[in-house]
Amino acid sequence: MEKGTHKVTGGCMCGAVRYGAPDAHAVVYCHCKSCKAHTGAPVVCLVGYLKDEIVWTGDERKIYDSSAGIRRGFCGKCGTPLTWEGHVEELGGDLIEVFISTTDDPDALVPEFHIWTDEKVEWFDIVDELPRYHGWMHEGEPAFNHGPTMKGKGPKPKA
Ligand SMILES: [Zn+2]
Ligand SMILES: [Zn+2]
């Protein structure tokens, strides 16, 4: 995928599957069990797009239906996990979230919050100041915690 009109480009490890996308919407850390199982990583970072915003080239990505209505994309040649895909009405319909480590420039995509911290690996401590959510982040929902550690899981005390 030429950089060209695409702000974000990337692909799998072997280069067979490539994608291009416009400027990122939300970039999130996801601690859910399912992302961990799909990638083998203790935590993942995803950048979200509406399905039609992403242009795919090269080999067609393979899809694994990980749960009802949720699809996980990967390269059929090298196995690189690429996407979370599903329908989220409040975010505008069919979404594709791409693992930012598969982009050509992961440094350019900075995570904004943490989701599914209830499923976080115990030994993995979060020491940033980003908002944290038990599960999904729903529009307008206050974060239950901000950094610098996971101690005190209650709501952020008012200053
Ligand atoms: Zn590949
Ligand atoms: Zn996840």
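Residues numbered from 1 in each chain as written. Chains lettered and ligands numbered in written order. Predicted model: local features only at pLDDT ≥ 70, side-chain atom pairs only at ≥ 80, totals over all residues. Heavy atoms only, no water.

## What about the state of the cysteines?
Test applied: Note on terminology: disulfide denotes any pair of cysteine sulfur atoms within 2.5 Å. The cut-offs for exposure are 20% and 50% of the maximum accessible area for each residue type, with area from a 1.4 Å probe on protein chains only; residues under the lower value are buried, those over the upper are exposed, and the others partly exposed.
Scanning the entire structure with this criterion turns up zero disulfides. Not part of a disulfide, C45 finds its nearest cysteine sulfur in C30, a span of 9.7 Å. Exposure remark for C45: the relative accessible area of 17% places this residue in the buried category.

## Thoughts on the side chain of H38
Keep this limit in mind: In this text, helices come from DSSP runs of H or I with a minimum length of four residues, and strands from runs of E with a minimum of two, each type numbered from the N-terminal end. Here, residues are in contact when the closest pair of their heavy atoms is within 4.5 Å.
Note that H38 resides in helix α1 (residues 33-39). The contact partners of H38, leaving out residues within four places of it in the chain, are R72, G73, F74, P81, L82, T83 and F99.

## Focus: the coordination of the zinc ion (ligand 2)
The following threshold applies: Metal sites are built from N, O and S donor atoms within 2.8 Å, or 3.2 Å for Na, K and Ca, and they leave out water, so they may look incomplete.
Surrounding the zinc ion (ligand 2) are the protein donor atoms C30 (SG), C32 (SG) and C35 (SG), which sit 2.1 to 2.3 Å from the metal. Judged by relative accessible area, C30 falls into the buried class, the value being 3%.

## Considerations on the coordination of the zinc ion (ligand 1)
Each angle at a metal carrying four tetrahedral donors should ideally be 109.5 degrees, and each at a metal carrying six octahedral donors should ideally be 90 or 180 degrees. For clarity, the cut-off: Geometry is assigned from the angles between donors: four donors with all angles from 85 to 135 degrees make a tetrahedral site, four or six donors whose opposite pairs exceed 155 degrees while the rest stay between 65 and 115 make square planar or octahedral sites respectively, and everything else is labelled irregular.
Protein coordination of the zinc ion (ligand 1) is provided by C12 (SG), C14 (SG), C75 (SG) and C78 (SG), with donor distances spanning 2.3 Å. Classification of the site at the zinc ion (ligand 1) rests on its four donor atoms, whose angles at the metal span 105 to 114 degrees, yielding the label tetrahedral. Taking relative accessible area as the criterion, C12 reaches 8% and is therefore assigned buried.

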